[in-house]
Amino acid sequence: MRVDPGALGVLNTLREAGFRALLAGGCVRDMLMGIEPKDWDIATDAGPEQVEGLFSRTLPVGAHFGICVVLAKGGQYEVARFRRDGPYGDGRRPTHVEPADECADAQRRDFTINGLFYDPFLNEIIDYVGGRNDIERGVIRAIGDPHARFGEDYLRLLRCVRFAARFGFSIEEPTRSALSALAEGIESIAAERVEDELTRMLTDPGAVRGLELMMDSGLLRVILPEVAQLRGVEQPPEFHPEGDVWTHLLLVMGQLDHPTPELAWAALLHDIGKEPTFEVRDRIRFNRHDVVGAKMAEAICRRLRMSNARTERIVELVAQHMRIRNAPDMRESTRRRFLRQDCFSQLLELHRADCMGCHGKLDLHEYCKAQLALLSEEQLRPPRLLGGRDLLELGLKPGPLVGRILDRLEEAQLEGNVESRDQALAWVCSRYGASFKTVGN
Ligand code: ATP
Ligand code: MG
């Protein structure tokens, strides 16, 4: 197995100083599965002060948990002392931790596949929890009593689903039933941590499986009731042969390929307004489900304490997810403004996934791509021909009309009606001349 050279260097330094030092947790699991680990965590019997003494650059990130980050040539490595967790009072974190041996350190970890150590010098996997066998069988199993382990830290409920989804593993029966029985415990976890786990799950391959597991275990109903409600919301079969909104949603999510967090969330939430707007008239209709959905999406993002930038983008995408249908009928200037938006590539991808999740027709997707290919940068974002000062010099009073005129002028440029500064001046005078003081009087 190939081990990151920076991590090897850190392990070697610890070992030469007489400490035991092993790779631990996710990186060992990933190596066994043939996946490149994201980070290389090290577990040792050295305490944080001893680690600090051995390396010139360290960060004291969690000395009371026995953790220290070593900054080495190859990157940053978390070096943690073998420990046992003290009692968990609040379903989130232990009151304190104690130094312990490596077997106890394996026992405090969440799932067997995450409880392995590896000694690269002996090329030896150290397995106190049966994790290696579970990786081979493709099984997620809590270490010890699943009820107790979820009850200590309810974030593990989401981690369980995330790992099962990402690796396509099944969840072993006692762990699965504890997951369902304790789903409501997730409410005691801080919204930011929940959001972080969900975003990872939604952007990883396997998001569809993750959502199904969340639905089946009841986690979805607790965390995102608005999404859970979409199951059973019927759609007009002539437009949605696939079935109800939930079925559509899973098909859409399955179309995404390594999405950005914003796109993944927007895809999850794009039809969230269909439940409250459901109506049977000439056929099933969801009038204004995009507008209603955008409001609901915003409330969800705020509830999960997402950043403003992420929230705004998700809301923008949900609000506009039906607009591509109108693109061919838009005025030229409206269409160019639509196509040049920062969010457009994500919107186009959302639209593609949305279509593939029902009728599979991509003509509007192709139309927008062709339009974008035809338009030059200058046609999309024409240079400014006049500024506010020009209008004031023409005799316009300062005020909101200045901005409005400049906006209309850009519209005329985007329509191809105005191309030069002279034309712009003539255009402004012919339309707004009456608003100007006569200069010189
Ligand atoms: P990823 O590839 O998503 O980072 P990971 O397994 O490395 O997965 P981390 O959150 O980086 O997950 O945690 C590193 C290790 O720490 C885990 O493999 C596990 O052994 C342990 N761990 C992390 N979070 C918990 C938790 N909430 N409860 C128990 N053990 C945990
Ligand atoms: Mg990790």
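Peer 1: Tell me what's going on with the overall build of the protein chain, and back it up with residues and numbers.
Peer 2: Summing up its helical and strand segments, the protein chain has 24 helices and 13 strands in all. Counting the 441 residues in the protein chain, one finds 51% classified as buried. Put simply, of all contacts in the protein chain between residues at least 6 apart along the chain, 63% involve residues at least 24 apart. Total accessible area on the protein chain stands at roughly 20600 Å², and carbon and sulfur atoms take up 49% of it. In the protein chain, 58 side chains carry a positive charge and 68 a negative one; their mean positions are 5 Å apart.

Peer 1: I'd love a proper account of the pattern of salt bridges, names of residues and values included.
Peer 2: Applying the stated criterion to the full structure yields 40 salt bridges. Of the charged contacts, one joins arginine 281 and glutamate 279 as a salt bridge, the two residues approaching to 2.9 Å between their closest N and O atoms. For glutamate 279, a relative accessible area of 28% corresponds to the partly exposed category. One network of salt bridges, with partners in common, ties together Arg331, Arg337, Arg340, Asp407, Glu410, Glu411 and Glu415.

Peer 1: Go over helix H1 (residues 5–16) with me, naming the residues and quoting the values.
Peer 2: Here H1 contains 12 residues, and its C-alpha end-to-end distance of 16 Å stays within 8% of the 16 Å for a straight helix at 1.5 Å per residue. Within H1, the full set of buried residues consists of Gly6, Ala7, Val10, Leu11 and Leu14. One face of H1 carries all of its buried residues, which in axial projection span an arc of 135°. The exposed residues of H1 that point more than 90 degrees off its buried face are Pro5 and Glu16. Check the buried side of H1 and you find it contacts strand E1 (21–24), strand E2 (42–44), helix H3 (48–54), strand E4 (67–72) and strand E5 (75–81). Phi turns positive, to about 95°, at glycine 18, one or two residues after H1.

Peer 1: Could you give me a rundown of the packing of aromatic side chains, with the residues and numbers involved?
Peer 2: Tallied over the full model, the rule gives nine aromatic pairs. The interplanar angle of 50° and the centroid separation of 5.6 Å between the aromatic rings of phenylalanine 167 and phenylalanine 169 together place this pair among those described as tilted. Per residue, the accessibility class of phenylalanine 167 equals that of phenylalanine 169, and both read buried. Members of the aromatic cluster, each reached through a chain of ring pairs, are Phe111, Phe150, Phe163, Phe167 and Phe169.

Peer 1: Talk me through the pairing of strand E8 (residues 116–119); I want residue IDs and the actual numbers.
Peer 2: Here E8 shows no split at all, with Leu116 and Tyr118 on one side and Phe117 and Asp119 on the other all buried. Relative to E8, E1 runs antiparallel, the two being bridged by two bridges. By the bridge assignment for E8, leucine 23 is matched with tyrosine 118. As judged from the four bridges shared by E8 and strand E9 (residues 124–127), these two strands associate in the antiparallel manner. Its bridge partner being in E9, tyrosine 118 is matched across the sheet by isoleucine 125.

Peer 1: Residues and numbers for the sheet that holds E9, please.
Peer 2: Ordered in space as E3-E4-E5-E2-E1-E8-E9, the seven strands form an open sheet in which the pairing is mixed. Taken across any chain shown, the strands that pair with only one partner, and hence form the sheet edges, are strand E3 (58–62) and E9. Going across the sheet, the axis of each strand differs from the next one's by a mean of 35°, ignoring polarity. Pairing geometry for E3 and E4, over three bridges, is antiparallel. Bridge assignment links glycine 62 to a residue of E4, and that residue is isoleucine 67.

Peer 1: I'd like a rundown of the domain arrangement of the protein chain, residues and numbers included.
Peer 2: Split by domain assignment, the protein chain resolves into domain 1 (1–137), domain 2 (138–223), domain 3 (225–380) and domain 4 (388–440). If you average the C-alpha positions of domain 1 and of domain 3, the two centres end up 43 Å apart.

Peer 1: Now, about the environment of leucine 409: what can you tell me, with residues and values included?
Peer 2: The topology assignment puts leucine 409 in helix H23 (residues 400–414). Through-space distance from the C-alpha of leucine 409 to that of alanine 424 is 7.2 Å; in sequence the pair is 15 residues apart. Ignoring any residue separated from it by four or fewer positions in sequence, one finds leucine 409 in contact with Leu386, Val418, Ala424 and Trp427.

Peer 1: Give a detailed account of the packing of helix H13 (residues 245–255) against helix H14 (residues 261–269), specifying residues and quantitative values.
Peer 2: Where H13 meets H14, the closest approach of the two axes is 9 Å, and the angle between their N-to-C directions is 160°. Classified by the angle their axes make, H13 and H14 are roughly antiparallel. The two elements H13 and H14 meet at a crossing, and its hand is right-handed. Across the interface between the two elements, Leu249, Val252 and Met253 from H13 touch Ala264, Ala267 and Leu268 from H14. Each residue belonging to the contact of H13 with H14 can be placed in one class, and the counts come to six nonpolar, no polar and no charged.

Conventions adopted
- Residues numbered from 1 in each chain as written.
- Chains lettered and ligands numbered in written order.
- Predicted model: local features only at pLDDT ≥ 70, side-chain atom pairs only at ≥ 80, totals over all residues.
- Heavy atoms only, no water.
- Helix = DSSP H or I, 4+ residues; strand = E, 2+ residues; numbered from the N terminus.
- Buried < 20%, exposed > 50% of the residue type's maximum accessible area, 1.4 Å probe, protein only.
- Contact = heavy atoms within 4.5 Å.
- Areas by Shrake-Rupley, 256 points an atom, 1.4 Å probe, with all protein chains shown as cover.
- Lys, Arg positive; Asp, Glu negative; His and termini not counted.
- Charge placed at Lys NZ, Arg CZ, Asp CG, Glu CD.
- Salt bridge = Lys/Arg side-chain N within 4 Å of Asp/Glu carboxyl O.
- Expected span 1.5 Å × (residues − 1).
- Arc of directions from axis to C-beta.
- Phe/Tyr/Trp six-rings, centres within 6.5 Å; stacked < 30°, edge-to-face > 60°.
- Pairing = 2+ DSSP bridges.
- Axes fitted to C-alpha atoms, helices over the stretch in contact; angles between N-to-C directions.
- Domains from an automatic or database assignment.
- Parallel < 35°, antiparallel > 145°, perpendicular 65-115°, else oblique.
- Left-handed = near helix turned anticlockwise from the far one by under 90°.
- Nonpolar A, V, L, I, M, F, W, Y, C, P; charged D, E, K, R; others polar.

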